[in-house]
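Letter by letter, the chains look like this.
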Amino acid sequence: MTDRAPVHELRALTGVRGIAAWFVVLYHIRLSVAGLHGGLRDVFAKGYLAVDFFFLLSGFVIWLTWSDRLRTGGWACIPRFLQKRIARIWPLHLVTLAAAVALALLLRATGRSDPQFVFPELPLHVLLLQNWGFTHQLAWNDPAWSISAELGAYLLFPLLVMTVDWRRLPSWGLLTIAGGLLVGLHLAMDASTLGTDIPRYGLLRCLMEFTTGSIVCALWLRWRSASRAPVCAALVAVLVAGCWIAGAPETLVVPALFATVLLVLALTAGKPANPFELRWTHYLGEISYATYLSHFILWKAFKLAFVSDATAVSPAKIALYLCLVLLASIALYHLIERPAQRWLNRLPFRLREGLGEGRP
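Quick caveat: nothing in here was measured; it's all calculated off a predicted structure.

### Quick notes on the overall build of the protein
Across its full length, the protein holds 13 helices and 0 strands. When the helices and strands of the protein are listed from N to C terminus, the series reads α-α-α-α-α-α-α-α-α-α-α-α-α. Taken over C-alpha atoms, the radius of gyration comes to 21 Å for the protein, in line with the 21 Å a tight globule of 360 residues would show. Put simply, the protein shows about 17,300 Å² of open surface, and 68% of that area lies on carbon and sulfur atoms. Across the protein, the centroid of the 32 positively charged side chains sits 6 Å from that of the 20 negatively charged ones.

### Here's the deal with the nonpolar core
Membership of the largest hydrophobic core comes to 79 residues, with the highest contact counts inside it found for Phe 60, Trp 63, Phe 157, Trp 166, Trp 220 and Leu 262. For this core, the element with the highest residue contribution is helix α3 (residues 50-73), accounting for 13 residues. Formed by 16 residues, the second largest nonpolar core is a distinct cluster that contains Ile 29, Val 33, Ile 287 and Val 313.

### Structural notes on empty space enclosed by the protein
Within this structure, the stated rule accounts for 2 cavities of 30 Å³ or more. Approximately 60 Å³ is the volume attributed to the largest cavity. Of the residues contributing to the lining of the largest cavity, the split by class is 5 nonpolar, 6 polar and 2 charged.

### Overview of the packing of α3 against helix α4 (residues 78-109)
As a packed pair, α3 and α4 sit with axes 10 Å apart at the nearest point and diverge in direction by 160°. In terms of axis orientation, α3 runs roughly antiparallel to α4. α3 and α4 meet at a crossing whose hand is right-handed. Residues Ile 62, Trp 66 and Leu 70 of α3 lie in contact with α4, whose contacting residues are Ile 78, Arg 80, Phe 81, Lys 84 and Arg 85. When the residues that make up the contact of α3 with α4 are grouped by side-chain class, the tally is 5 nonpolar, no polar and 3 charged.

### Section: the packing of helix α9 (residues 229-245) against helix α10 (residues 250-267)
Two numbers describe how α9 lies on α10: the axes approach to 9 Å, and their chain directions differ by 160°. When the axis of α9 is compared with that of α10, the two are roughly antiparallel. Of the two elements, α9 crosses α10, and the hand of that crossing is left-handed. Contact residues: Ala 229, Pro 230, Ala 233, Ala 234, Val 236, Ala 237, Val 240, Ala 241, Cys 243 and Trp 244 in α9; Glu 250, Val 253, Val 254, Ala 256, Leu 257, Thr 260, Val 261, Leu 263, Val 264 and Leu 267 in α10. Taken together, the residues of the contact of α9 with α10 sort by class into 18 nonpolar, 1 polar and 1 charged.

### Focus on the pattern of salt bridges
Scanning the entire structure with this criterion turns up 9 salt bridges. As a salt-bridge pair, Arg 71 and Asp 165 come within 3.6 Å of each other at their nearest N and O atoms. One end of the pair, Arg 71, is in helix α3; the other, Asp 165, is in the loop between α6 (144-163) and α7 (171-189), with 94 residues separating them in the sequence. With relative accessibility at 24%, the residue Arg 71 sits in the partly exposed group. Taking the relative accessible area as the measure of exposure, Asp 165 reaches 13% and is therefore buried. Linking Asp 114 and Lys 300 is a salt bridge whose minimum nitrogen-to-oxygen distance equals 2.7 Å.

### Here's the deal with the packing of aromatic side chains
Under the counting rule described, the total for this entry stands at 17 aromatic pairs. Seen from their ring centres, Phe 60 and Trp 220 are 5.7 Å apart, and the 50° between their planes marks the pair as tilted. On the criterion of sequence distance, the pair formed by Phe 60 in helix α3 and Trp 220 in helix α8 (residues 198-223) is long-range, its members being 160 residues apart. Across this residue pair, the class does not change: Phe 60 and Trp 220 are buried. Within the aromatic cluster, the residues linked to one another by ring pairs are Trp 63, Trp 66, Phe 81, Tyr 154, Phe 157, Trp 166 and Phe 210.

Calculation rules
- Residues numbered from 1 in each chain as written.
- Predicted model: local features only at pLDDT ≥ 70, side-chain atom pairs only at ≥ 80, totals over all residues.
- Heavy atoms only, no water.
- Helix = DSSP H or I, 4+ residues; strand = E, 2+ residues; numbered from the N terminus.
- Rg over C-alpha atoms; globule rule 2.2 N^0.38 Å.
- Areas by Shrake-Rupley, 256 points an atom, 1.4 Å probe, with all protein chains shown as cover.
- Lys, Arg positive; Asp, Glu negative; His and termini not counted.
- Charge placed at Lys NZ, Arg CZ, Asp CG, Glu CD.
- Core = buried A, V, L, I, M, F, W, Y, C linked by side-chain atoms within 4.5 Å.
- Buried < 20%, exposed > 50% of the residue type's maximum accessible area, 1.4 Å probe, protein only.
- 1 Å grid on protein atoms, 1.4 Å probe; cavity = no way out; pocket = protein on both sides within 12 Å on 5 of 7 lines; lining within 4 Å.
- Points joined across faces, edges and corners; volume = space filled by probe spheres on them.
- Nonpolar A, V, L, I, M, F, W, Y, C, P; charged D, E, K, R; others polar.
- Axes fitted to C-alpha atoms, helices over the stretch in contact; angles between N-to-C directions.
- Parallel < 35°, antiparallel > 145°, perpendicular 65-115°, else oblique.
- Left-handed = near helix turned anticlockwise from the far one by under 90°.
- Contact = heavy atoms within 4.5 Å.
- Salt bridge = Lys/Arg side-chain N within 4 Å of Asp/Glu carboxyl O.
- Phe/Tyr/Trp six-rings, centres within 6.5 Å; stacked < 30°, edge-to-face > 60°.

Shown next as structure tokens:
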């Protein structure tokens, strides 16, 4: 017997991804919201941590979807895996990067400039290599740094699958490895926050958390039928959260907290009245990649067009901006992201047909 049975989408994980994406949006605008309560500002100031949840979630989902396929099909499956991952992340990245370039050219044409737009580094951003140690600061579309790091994880994922089979290890062994990865991340960063020096530590942060997410998936496959597993995982999450509140280092406890929360969400997926599986939260999750990639450049453009004092934006204008982000996310998802993904995934078959192959 194997750990795995056919698994459809875990809707709760899609829904929570949407909520996390909006925390990143609020993180980037928090200092400009006029009259924002200090407590809320402090909460939004931790919005950058949503990226760590994304890395863990990505490792979980990729392991769930691809580990058996790669292990069964061997090296021959790797090109298809990479094709589907590139089709997922690259087209929308190019569109938002093109919007950033257009904004930079508009600023130049009107005699203005923005240090965010570093033209000599543009080729690295086009190829999604900007966060592989080639640069010293974030540039162009800031959130895309994590997509660059994800690309590195995708390239290494087949090697992980071919090297280790989490199913063959005991649960205590998996927990030990996951703990070792996260302690290693903490020691390597030697910093107060996970957002420290992203160009230097961002790729490592992604690889460690992505791999931990794959272990969380292996544990979920093993424990998903255990009735006590959700309660035990929730108690561990509360304990780890308490350590964070008590002052334990963010770089040590937050990835562990998010890994435990991810396990709780997976174990409780499909349960009645799960708020992350409502139709609207699930849809926010579906369009979350568009939200994540578009909001930063849209905020820059919005401030140029509608805001004279970027340090004090009225709540009405903030509401307008958030509505624009939502509308842009919907449009980009349906008009760019999904059609481009489908087209690129079909591309090899079209090429074969063009060469006279694959016909009856």
